[in-house]
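Topology and contacts: notes
In case you want the letters, here they are:
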Amino acid sequence: MGEPTPSQTPRFARLTEDFEATLERLETAPRFSKFNHQSQLLARARKLLSDPAGIAALYAHAARFDAAGVFLGGDWYDPADLQPGLAGNTLRAGGANATLECLSELRLLAIAQGECRSASMDAAGARSFLEQVLAANLDLLFPVATEETREADPAIGERVRTLFEFILERIGAATILNALVIEVERVLLQRPIMIQRAEALLRAADRATAELPEDDAAATRARSWIHALKGPSRLSRAGSRDDYVAALAALDTNALAEEAQTFGDAMARTGLVSAQHADLLCHLVDRAPELVGPALALNAVGKVSLGAHQTLISELIKFAIRRETARSIYGLSKLLEQGMTFIRPVLPGLRRLMVLAINPEVAATLREASEWTDPPDANVLLLAGTLSVLGQPRGVDQGLNPTCQSARAISLWAQNDVGYLLELIAYAARENDLVLQFEGLNIRASELTFGLATELHTELDPVSLLLTPHLDRIYMEMSRHTIGRIGDGHRWVNPELHGWWVHRGFGELIDTATGTVTRCDEFIRDFHAAYHPLYNGGRDLVYAQPCGIATTNHQGALVGWHAISIQRVAFDPAGEWRVYFFNPNRDKEQNWGQGIVTSTHDHGELEGESSLPFEQFLARVYVFHYKTRETGDPSRIPADAVARVRRRIAESWAADMPWDDDAAVAE
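Residues numbered from 1 in each chain as written. Predicted model: local features only at pLDDT ≥ 70, side-chain atom pairs only at ≥ 80, totals over all residues. Heavy atoms only, no water.

This part takes up the overall build of the protein. Across its full length, the protein carries 31 helices and eleven strands. What you see for the protein is a C-alpha radius of gyration of 28 Å, in line with the 26 Å of a compact globule of 667 residues. Over its C-alpha atoms, taken along the principal directions, the protein stretches across nearly 80 × 80 × 50 Å. Within the span of the protein, comprising 667 residues, buried residues form 56% of the whole. Only carbon and sulfur atoms are counted for the fraction: they give 50% of the accessible area of the protein, which is about 28400 Å². Separation between the mean location of the 64 positive side-chain charges and that of the 87 negative ones in the protein comes to 1 Å. (Helix = DSSP H or I, 4+ residues; strand = E, 2+ residues; numbered from the N terminus. Rg over C-alpha atoms; globule rule 2.2 N^0.38 Å. Buried < 20%, exposed > 50% of the residue type's maximum accessible area, 1.4 Å probe, protein only. Areas by Shrake-Rupley, 256 points an atom, 1.4 Å probe, with all protein chains shown as cover. Lys, Arg positive; Asp, Glu negative; His and termini not counted. Charge placed at Lys NZ, Arg CZ, Asp CG, Glu CD.)

Another aspect to go through is the sheet that holds strand 8 (residues 577–582). The six strands lie next to each other as 3-10-6-7-8-9, forming an open sheet whose pairing is antiparallel. Two strands lie at the open edges of the sheet, namely strand 3 (505–508) and strand 9 (610–613), each paired on one side alone. Neighbour to neighbour, the strand axes of the sheet diverge by 30 degrees on average, direction disregarded. By the bridge criterion, three bridges tie strand 6 (residues 545–552) to strand 10 (residues 621–626) in an arrangement that is antiparallel. Bridge pairing links G548 to V623 in strand 10. Contacting strand 6, strand 7 (558–571) and strand 8, helix 25 (residues 404–416) runs over the sheet at an angle of about 15 degrees to strand 7. Packed on one face of the sheet, helix 28 (residues 490–498) meets strand 3, strand 6 and strand 10 and runs near 55 degrees to strand 10. (Pairing = 2+ DSSP bridges. Axes fitted to C-alpha atoms, helices over the stretch in contact; angles between N-to-C directions. Contact = heavy atoms within 4.5 Å.)

It is worth spelling out the pairing of strand 2 (residues 441–444) at this point. Of the pairings in the sheet, the one linking strand 1 (residues 435–438) to strand 2 comprises four bridges and is antiparallel in character. Bridge pairing links L436 to I443 in strand 2. In this structure, the hairpin formed by strand 1 and strand 2 is closed by a connection of two residues, where E439 is found at a positive phi of approximately 50 degrees.

So, on to a positive patch on the surface. Residues R11, R14, R46 and K47 make up a contiguous surface patch of positive charge. Assignment of secondary structure puts R14 in helix 1 (residues 10–28). (Patch = residues over 30% accessible without salt bridge, like charges linked within 9 Å, V, L, I, M, F, W, Y side chains within 5 Å. Salt bridge = Lys/Arg side-chain N within 4 Å of Asp/Glu carboxyl O.)

Read across the open sheet, the three strands follow the order 4-5-11; overall the sheet is mixed. Each of the sheet's edge strands pairs with one partner strand only, and the pair in question is strand 4 (510–511) and strand 11 (659–660). Pairing of strand 4 with strand 5 (residues 516–518), which is carried by two bridges, proceeds in the antiparallel orientation. Note on strand 5: the bridge partner recorded for I510 is V517.

This next bit is on the packing of helix 25 against helix 26 (residues 418–431). Orientation of helix 25 relative to helix 26, taken along the N-to-C sense of each, is 130 degrees, at an axis distance of 6 Å. The angle between helix 25 and helix 26 places the two elements in the oblique class. Listed contacts from helix 26 to I410, W413, A414 and N416 of helix 25 are V418, Y420, L421 and L424. (Parallel < 35°, antiparallel > 145°, perpendicular 65-115°, else oblique.)

Scanning the entire structure with this criterion turns up 40 salt bridges. Taking the shortest distance from any N to any O, the salt bridge between R327 and E199 comes out at 2.9 Å. Of this pair, R327 sits in the loop between helix 20 (310–320) and helix 21 (328–337) while E199 sits in helix 12 (residues 196–209), and the two are 128 residues apart along the sequence. Judged by relative accessible area, which is 21%, R327 ranks as partly exposed. Ionic pairing is found between D640 and R644, a salt bridge with its closest N-O pair at 3.4 Å. Pair noted here: D640 and R644 are both in helix 31 (residues 639–650), with a separation of four residues, about one helical turn. Each of the salt bridges in this network shares a partner with another, and the network as a whole consists of E183, R186, R197, D587 and E589.

Time to look at the nonpolar core. Membership of the largest hydrophobic core comes to 88 residues, with the highest contact counts inside it found for L284, I329, L350, L390, L434 and L467. A62, A112, A126 and I176 belong to the second largest nonpolar core, which has 75 residues in total. (Core = buried A, V, L, I, M, F, W, Y, C linked by side-chain atoms within 4.5 Å.)

Domain boundaries in the protein define domain 1 (6–171), domain 2 (231–342), domain 3 (344–483) and domain 4 (501–664). Between domain 2 and domain 4, the C-alpha centre-to-centre distance is 41 Å. (Domains from an automatic or database assignment.)

Tracing the chain through its elements places R44 in helix 2 (residues 34–48). Take R44: its relative accessible area is 26%, and that puts it in the partly exposed class. Counting along the chain gives 517 residues from R44 to W561, while the straight-line C-alpha distance between them is 37 Å. Beyond its immediate chain neighbours, meaning those up to four positions away, R44 contacts D18, F19 and T22.

Here we take up helix 6 (residues 95–112). For helix 6, which comprises 18 residues, the first-to-last C-alpha distance of 26 Å matches the rise-based estimate of 26 Å (1.5 Å per residue) to within 8%. Most of helix 6 sits out of view: 15 of its 18 residues are buried. Once helix 6 ends, the next one or two residues include G114, with phi positive near 75 degrees. (Expected span 1.5 Å × (residues − 1).)

The packing of two helices is summarised by the inter-axis angle and the distance between the axes. In the contact formed by helix 6 and helix 7 (residues 123–136), the axes pass within 7 Å of each other and the chain directions differ by 135 degrees. Looking at the two axes, helix 6 sits oblique to helix 7. As for how helix 6 packs across helix 7, the hand of that crossing is left-handed. On the side of helix 6, the interface is formed by E105, L108, L109, I111 and A112, while helix 7 contributes A123, A126, R127, F129, L130 and V133. (Left-handed = near helix turned anticlockwise from the far one by under 90°.)

Phi angles above zero are rare outside glycine, and A297 is one such case at about 55 degrees. The topology assignment puts A297 in the loop between helix 18 (292–295) and helix 19 (300–308). Classification of A297 by relative accessible area gives partly exposed; the value is 24%. Although it is not a glycine, N432 adopts a positive phi angle of roughly 50 degrees. Mapping N432 onto the fold places it in the loop between helix 26 and strand 1. We classify N432 as partly exposed; its relative accessible area is 25%.

Now the structure itself:
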């Protein structure tokens, strides 16, 4: 016999009975004493909100909530007074108000479904309210990992997600189809390596299109994205995989060229890759190698790269590109377009992964983390993952792990020292270990017991899955070696962890010994003199540099410290100076309060970059590296610019910290 479902367990039965009994007591209680019963009911409802069966049990009584007095005396009393824009923040906050919000949504669902009546809201109004709540809070329905969500109670997010899924199942995804497509576009414009969330959004959109007429505008827009994932051409969507492979063999040269162009265009437009793309690419390598370029949507540099190394690229495709690894086709395309094949270690380093003797534990980890029931060999998974990381160095992310340092390191190596990264990948895969040096001392990951991640969430790309556990422990050990030194430990750890190209000049805003904000104006001036082209002598950044920021929520309150990298500083298309940076969060578009909303497109960003106007970015920086001999004169920085940044810092993440602008930070 299988395991009992939640609704079949004695505990669930007790919870349901307790809730029903409390609801009955609330119904019969005099108005003046209902408050005591309300609090008891909320406590019992909260326990039932943890799984779908519990929500169904609550919904079965939703028509009784108003008459019983569940919302009596509170903001949820009259449905006509509710505002859909406030629901998301209430649900995120947790506590009794979040439980009331959940019960209110179930009441509105009952009204929308015609299962009860309300004097102040009809079925259409209730349905519209729920649609607005779902559309405005897709991050709760389809969770995304950010610094803020990682710090939140996961149980709160799980309750809300389960509730929203319950509601969506009953009102239909067609009602929020436009919001789903907008969110897909927003996420994929960032070109992440891991696209599970985008795929989940598209699956919901696919279900929604089935509920709408063929000529519906929203459905038409959605289908272009759905087809990019499920098969861009009519031929690729007709029949089984075997049918498609057989059909490719029957195409003439012109039809095959059209097929290659269709797939390449869809990938370039959306960043999505269908499983059939792998079948097509492997077919072209053998039968029509001249069409590999169009199938990869290569630019001029990419075409030269492919032409110069056609034989080896064909070997890589045959070995690594399968339906299960089709996402890496996009990484391969970008790798070629960046001309990385002309960097001496790249092709030999990639080819080595084809024959590398991978440690059995590593191999098992890579295969177990795969979303496929019968995944390919570990060498295939690792090579495909490496293609993605090299081609999309700013598409790396830390997932649900507190390992921004490790994700940033992988991204920086992919940009600044790709040969070194390939050596680390090979060593870690072969030895299931990693050895880095800190000031001449060997630090071996296998000899260390802990890092920031107590338990690694494995929804990561293969390279991150391989390296992160080792890098996380090594980073912590390097940090331990700086204990007792005066100043922030990142001054010494970052150059040792990342490489020689990390600048040795170091700016820090917080006295780590006391938690005091120190020399704020000087810090602001030094950052301008190091990074702003108007004040640093017009110098461009040669190597992306590690940097530490204070992440904040939408109210500007401190969430925590976060590792990012500064990619460049440049004019945006509107003529504003912006800092372009890499954020290891999976979703890089975030609201940090004070009107500071990170941009990921439309302001000159490269794929995977975030950006902010210079002063807004600086208002979140707390440590940075700079080249001491290549800076401008800090005294030239306008006093009003310094004052604006200082005010943002003082009124947000540093508002509750002690300040001592006269304190000196020892060198």
